[in-house]
Amino acid sequence: MSSSQRPTDLSYGSGGHSGNSVHSINSSSNTTNSALSPIAILTPTSASTLYASPDSANQPFYGAKSEPEDGDGTGSGESVTAIPSFAEPLKKKQKRNKPTLSCYECVERKTKCDRGRPHCLACIKRQTECKYAHVANLLEETSRSATNGRRMTKPPKKKVTMSGMKPSVPNVADRGILIGRIASRGSVALSTGLLSNVTLSHPTASNVFGIGSEHPFANYWTCEGGLPEVIGVLPEKLQADILLSQYYESVDPVYPIIDRHTFYLEYEHFWALGDSEKNDAAFVSLIFTMMALGTQFVSTTNPKDRKQTSEFYASAGNQALRMFSYLNTASLHSVQAMVLVGYFLINDNHASDGWAFSGLLLRQAYAMGLHRDPNIVTPNASDFEKQQRRKLWQAVLVQDTFLTVLLSLPPNATHTDVKVEDFLDDSPGFGDSSPTDIAYIRGSWMLANLVQETISSPRSLDVPICSTQRQKSKLVADFRAVYRSFPDVFRSWDQESIAQLACSNKRVVRQTLFLSSNYYHNLMLVHASESPDVPVNIRATLEAAHEAITSFFVLFTLFDTDARVWWVFHHRAFLEALCIGGVLREAGRDPATADQFLRDPLFARAKADITRMVQILKIMADGEQGSDDARTRVAVLSEFL
C-alpha cells in the first residue's frame, strides 16, 4: 500500500393490572328471580392506569370505547333482573367445533403459538415438550403440501373504508410523518423511520434504506499483500493501547462481548510475537475492529480525520477477515469481530451495509452452533468457554432483535435452546465480568427474547402487535415483569442521581441509559399499537415515549460524544419524537380530545420533548462537519412545532 493512500496518523491524548375483576354470575335452581350483575369487560383503562399521573385520576382514557362490546350490557350501573322461563328446558352449551391448532403447552399456558414443527418457538424457549393434536398435524401436513412445504405468515386482509381509502398504519408510532413522505418499499414503518423514498418500480439498482450509498470499506489493499500487509499498517502499540482503552470505556459497557482480562492476555502475547508468527487473522481483525470503534469515540480530533481513520481501521479489519476466509470458516474471534463490524457500519451511516452484514453474522453464528446449549454441543469445554459462547450468542441475538425493531424487518435469530438462566457469574479465576455486567446481559437478553417474540414479526408485516385488549394487557404485564427483574441500579434513578453516579461509575450509567431506552421504546410500541378492537392507549404511549427519549437527553448531557456516535440510540430517540408528534397531531384533530389536548400537562410535556429533541439535532447538524441526517430530522420534527 502506498504511503499516499493511508490516512494521516493521528496521536490521541488519553484524553396492576389494575387487575380487572370479572364478576361471575351465581345462579341457583331454588330461586325464581335472581339479580345479575353486568359482566365487567376488560377495557383499555386497565393499561392506562399503569401510567396515570397524580393529577389525571379523573381524566378520560382517550380512544377508549364508552360502551361494552358484547351487546349484553346496558351501559349503566343498574342491575338487570332476569326471569328464567320454566316452559323450556335449559340448553346445553354447544361445544367448540373448530379444531385447536396450537400445541397443548401453549393452549394450557394461554400463550401465542407459532405452530412450528416439530416444536413451536415458544416451547423451544421454555424448554417444554411440544405436542399437537392429531387433527392439527393432519391439517398442517395438508397446508404444507399445498404451499410446497413452506409456511408463510399472512397479514390480515386490508379492509377498505367507505371513502375508498385503505386504513392507516396499525401503529401510531409509525404515523408521525406525512403520508407523502412514506415510501412503498418494505414495511411502512421502515420507510417512515429511515425517511427512505425508494419505490418498488425503481428501474435501476437503489440503496435499500436510502442512506450510506458508497461502499463501506475503502480498498487500500493489493492482490498479493495478504495478512502481512494488514499487520504492517498497525499503529504503534502506545496508540493502539489508547484506542483499545477508549473501546472499553465507551463500547464495552453497552455491548460487553469481549472479556477484557483474556483479551489483553492474547493482545500482549500478540505484540511479543515476531512478524512471521502473527498469523491469527481473526484476532488481527478483532484488534482492528475494536480500534475502529474506539476511534469513533475519540473527542480530541476533528470529525473528518476521526471518520477517515476509523474507516481505515475498519477496512483493515475487514481485509483480515477476508484473509481468514470468514465466509467458510468461523471462530469465536471472527464472530466477535463481525458483531463489532455491524455496529461500526451502523454508526458510520451505513445502515444498509450493517443490515446485510448482520445476515452473514447470523449464518456463521448458526454454523458454529452458538444458538445451541453449550452443554449439548460442547460438553467437554470449560465453564469459561461455555460462558463465552453464551455471551456471544446473546450479543448476536440482541443486535439482530433491536436492529429489526428499528428497521421494521423480520427477526433472524429465532431458533435457539440457549437459556438465559444458564448465564451465570464468571467462574473464579476466569473473566472479569462484574455482577452488574452479568445482570445487564441477562436483562438485555430477556428483553430481546420478549421483543422478538411479540413485536418484531408484526411490525415487519405492518400488522397490529395486539389483536385483543386482553392480549395487550397481558403483553404489558410481561414487559413489566421483565423490567422488575432488572437490578435496582437500572430502575431506581432520576436525572440528578444518575448525574452523580456518572462521576464515579460511568459504566453503570451507560448501561442504565441503554437498557432504559430499549425497554421504554418497545413498551411505547405496544401501547401505540392499534387494531379494530384495541384502541391506542394515548396516555401510556406518551408516558413510555417520554421515559425513553429522556434516556437520550441524559446521555447527551453526560456523554455528548456517545449520543452523537451511537446511531441506534439517537435514531431510537428520533422515532420516539416522531411517535409523540403523531399522537399530538391525532389528538389535536379529534374533537373528543381537542379541549383536553390544550389543558392536559401531559401533552405540554410531550411537545416539550419534541422541542428538546430538535434542539439537540440542531447541535448535531451544526457546522461544516454536521450530520446531514440530523438536518433532515430537524426539518421533519419541526412540522410538529
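Structure shown above.
What comes next is a walk through the structure. Note that this is a predicted model, so its numbers are computed, not measured.

## A closer look at the overall build of the protein chain
Counting secondary structure elements, the protein chain contains 25 helices and two strands. Here the protein chain holds 641 residues, and the buried ones make up 49% of them. With an accessible surface of roughly 31,500 Å², the protein chain has 52% of that area assigned to carbon and sulfur atoms.

## Digging into helix α12 (residues 351-368)
For α12, with 18 residues, the first-to-last C-alpha span of 25 Å sits near the 26 Å given by 1.5 Å per residue. When α12 is considered as a whole, its buried residues turn out to be Ala-351, Ser-352, Gly-354, Phe-357, Ser-358, Leu-361, Leu-362, Gln-364, Ala-365 and Met-368. Summarising the contacts, the buried residues of α12 are in contact with α10 (303-323), α11 (332-347), α14 (383-407) and α22 (567-589). Immediately beyond the C-terminal end of α12, within one or two residues, lies Gly-369, with a positive phi of roughly 80 degrees.

## Section: the packing of helix α24 (residues 601-621) against helix α25 (residues 628-638)
Two numbers describe how α24 lies on α25: the axes approach to 8 Å, and their chain directions differ by 155 degrees. Here α24 lies roughly antiparallel to α25, going by the angle between them. Crossing of α24 over α25 shows left-handed handedness. On the side of α24, the interface is formed by Ile-610, Met-613, Val-614, Leu-617, Lys-618, Met-620 and Ala-621, while α25 contributes Ala-630, Arg-631, Arg-633, Val-634, Leu-637 and Ser-638.

## A look at the nonpolar core
If you look at the biggest cluster of nonpolar residues, it comprises 155 residues, and the most contacted ones within it are Phe-263, Trp-393, Phe-479, Met-613 and Leu-637. Top element by residues in this core is α22. It accounts for 13 residues. Among all residues touching Trp-393, those that are not within four sequence positions of it are Leu-362, Ala-365, Tyr-366, Leu-370, His-371, Ala-413, His-415, Thr-416, Val-418 and Trp-445. Judged by nonpolar contacts, the second largest core, of ten residues, contains Cys-120, Cys-130, Ala-133 and Ala-136.

## Some words on the side chain of Ser-551
Position of Ser-551 among the secondary structure elements: in helix α20 (residues 538-558). The class for Ser-551 is buried, based on a relative accessible area of 0%. Apart from residues no more than four positions distant in its own chain, Ser-551 is found in contact with Trp-493, Leu-513, Ser-516, Ser-517 and Phe-569.

## Here's the deal with unusual backbone geometry
Phi angles above zero are rare outside glycine, and Ser-325 is one such case at about 60 degrees. With respect to the helices and strands, the residue Ser-325 is situated in the loop between α10 and α11. When its relative accessible area of 33% is taken as the criterion, Ser-325 is described as partly exposed. At Ser-408, a residue that is not glycine, the phi angle is positive and equals roughly 55 degrees. Tracing the backbone through its elements, the reader meets Ser-408 in the loop between α14 and α15 (435-460). For Ser-408, a relative accessible area of 0% gives the class buried.

## As for α11
Residue pairs three or four apart in sequence face the same way in an α-helix, which turns once every 3.6 residues. For α11, spanning 16 residues, the distance from its first C-alpha to its last is 23 Å, which sits close to the expected 22 Å at 1.5 Å a residue. With 15 of its 16 residues buried, α11 lies for the most part within the structure. One or two residues past the end of α11 sits Asn-349, with phi positive at roughly 65 degrees.

## Regarding the packing of aromatic side chains
Throughout the structure, instances matching the rule amount to 34 aromatic pairs. On the basis of an interplanar angle of 75 degrees and a centroid distance of 6.4 Å, the ring pair of Tyr-255 and Phe-514 is categorised as edge-to-face. Taken together, the residues span a long stretch of sequence, with Tyr-255 in the loop between α7 (237-250) and α8 (260-272) and Phe-514 in helix α19 (residues 506-528) at a distance of 259 residues. With respect to burial, Tyr-255 and Phe-514 carry one shared label: buried. An aromatic cluster is defined as three or more aromatic residues linked by ring pairs; in this entry it consists of Tyr-247, Tyr-248, Phe-263, Tyr-264, Tyr-267, Phe-270, Trp-271 and Phe-283. The cationic tip of Lys-278 hangs over the ring face of Phe-270; the distance from NZ or CZ to the ring centre is 4.9 Å. The cationic tip of Arg-612 hangs over the ring face of Phe-553; the distance from NZ or CZ to the ring centre is 5.9 Å.

## Quick word on the state of the cysteines
In protein structure, a disulfide is the covalent linkage between the sulfur atoms of two cysteines. Counted by the stated rule, this structure contains zero disulfides. With no disulfide of its own, Cys-103 has Cys-106 as its nearest cysteine by sulfur position, at a separation of 3.5 Å. Judged by relative accessible area, which is 0%, Cys-103 ranks as buried. We note that Cys-113 lacks a disulfide partner, and the nearest cysteine sulfur, in Cys-106, lies 3.9 Å from it.

Basis of the calculations
Residues numbered from 1 in each chain as written. Predicted model: local features only at pLDDT ≥ 70, side-chain atom pairs only at ≥ 80, totals over all residues. Heavy atoms only, no water. Helix = DSSP H or I, 4+ residues; strand = E, 2+ residues; numbered from the N terminus. Buried < 20%, exposed > 50% of the residue type's maximum accessible area, 1.4 Å probe, protein only. Areas by Shrake-Rupley, 256 points an atom, 1.4 Å probe, with all protein chains shown as cover. Expected span 1.5 Å × (residues − 1). Contact = heavy atoms within 4.5 Å. Axes fitted to C-alpha atoms, helices over the stretch in contact; angles between N-to-C directions. Parallel < 35°, antiparallel > 145°, perpendicular 65-115°, else oblique. Left-handed = near helix turned anticlockwise from the far one by under 90°. Core = buried A, V, L, I, M, F, W, Y, C linked by side-chain atoms within 4.5 Å. Phe/Tyr/Trp six-rings, centres within 6.5 Å; stacked < 30°, edge-to-face > 60°. Lys NZ or Arg CZ within 6 Å of the ring centre and 35° of its normal. Disulfide = S-S within 2.5 Å.

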